[in-house]
Amino acid sequence: MGKRAWFRVYVERLLMEQFDTTSLVKDGDGDVPFSKGTSACFVTVEDRPLGVRVWGMAATGIRPTAAVLREVNELNQRPATRRSCMPATGCGSSSGSRPTRSRRAR
């Protein structure tokens, strides 16, 4: 099993343990949806660089005014582990990712 396939299986097993389930539901993109309170979130296994991205819709129905776009730009000037976007659909989303670090077995 290659490194990417192993990592994907490893993340899926961690999610099954965290969600206390024996199987995961995936959307059409292979993302694992979950909710916390009223928030709809997703876990994505990234191939390049190898890592995990956890993201969610921050808001919907937003008009892309100059003030909103300015706010998105200000958010994106913060640490690189978080990004916000304002797609043409009027939905704002925010995501965070952390690249994996190689660890040697002891």
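As a starting point, this report considers the structure included with it. (Residues numbered from 1 in each chain as written. Predicted model: local features only at pLDDT ≥ 70, side-chain atom pairs only at ≥ 80, totals over all residues. Heavy atoms only, no water.)

1. Focus: the overall build of the protein chain
- Scanning the protein chain from terminus to terminus reveals two helices and five strands.
- The linear arrangement of helices and strands in the protein chain, starting from the amino end, is α-β-β-β-α-β-β.
- Out of the 106 residues in the protein chain, the part that is buried amounts to 22%.
- Taking all contacts inside the protein chain whose residues are at least 6 apart in sequence as the whole, residues at least 24 apart take part in 37%.
- Surface summary for the protein chain: the accessible area is close to 8300 Å², and the carbon and sulfur share equals 52%. (Helix = DSSP H or I, 4+ residues; strand = E, 2+ residues; numbered from the N terminus. Buried < 20%, exposed > 50% of the residue type's maximum accessible area, 1.4 Å probe, protein only. Contact = heavy atoms within 4.5 Å. Areas by Shrake-Rupley, 256 points an atom, 1.4 Å probe, with all protein chains shown as cover.)

2. Description of a nonpolar patch on the surface
- Nonpolar side chains collect at one region of the surface, where Met-1, Trp-6, Tyr-10 and Leu-14 lie side by side and expose about 480 Å² of accessible area between them.
- As for its position among the elements, Met-1 is in the segment before helix H1 (3–19). (Patch = residues over 30% accessible without salt bridge, like charges linked within 9 Å, V, L, I, M, F, W, Y side chains within 5 Å. Salt bridge = Lys/Arg side-chain N within 4 Å of Asp/Glu carboxyl O.)

3. A closer look at the packing of aromatic side chains
- Throughout the structure, instances matching the rule amount to three aromatic pairs.
- For the ring pair Phe-19 and Phe-34, a centre distance of 5.6 Å and an interplane angle of 35° mean the geometry is tilted. Here the residue Phe-19 occupies a position in helix H1, and Phe-34 occupies one in strand E1 (residues 32–36), the gap between them amounting to 15 residues.
- Relative to Trp-55, the ring of Phe-42 lies with its centre 4.5 Å away and its plane at 20°, an arrangement referred to as stacked. You can see Phe-42 sitting in strand E2 (residues 39–47) and its partner Trp-55 sitting in strand E3 (residues 50–59), a full 13 residues away along the chain. Just as Phe-42 is buried, Trp-55 falls in that class too. (Phe/Tyr/Trp six-rings, centres within 6.5 Å; stacked < 30°, edge-to-face > 60°.)

4. Here we look at the pairing of E1
- Pairing of E1 with E2 involves five bridges; the strand directions are antiparallel. Bridging from a neighbouring strand, Ser-35 pairs with Ala-40 of E2.
- In this structure, the hairpin formed by E1 and E2 is closed by a connection of two residues, where Gly-37 is found at a positive phi of approximately 65°. (Pairing = 2+ DSSP bridges.)

5. Notes on unusual backbone geometry
- Cis geometry marks the peptide bond from Arg-48 to Pro-49; its omega dihedral reads -10°.
- Along the chain, Pro-49 turns up in the loop between E2 and E3.
- Unlike most non-glycine residues, Asp-20 shows phi in positive territory, near 55°.

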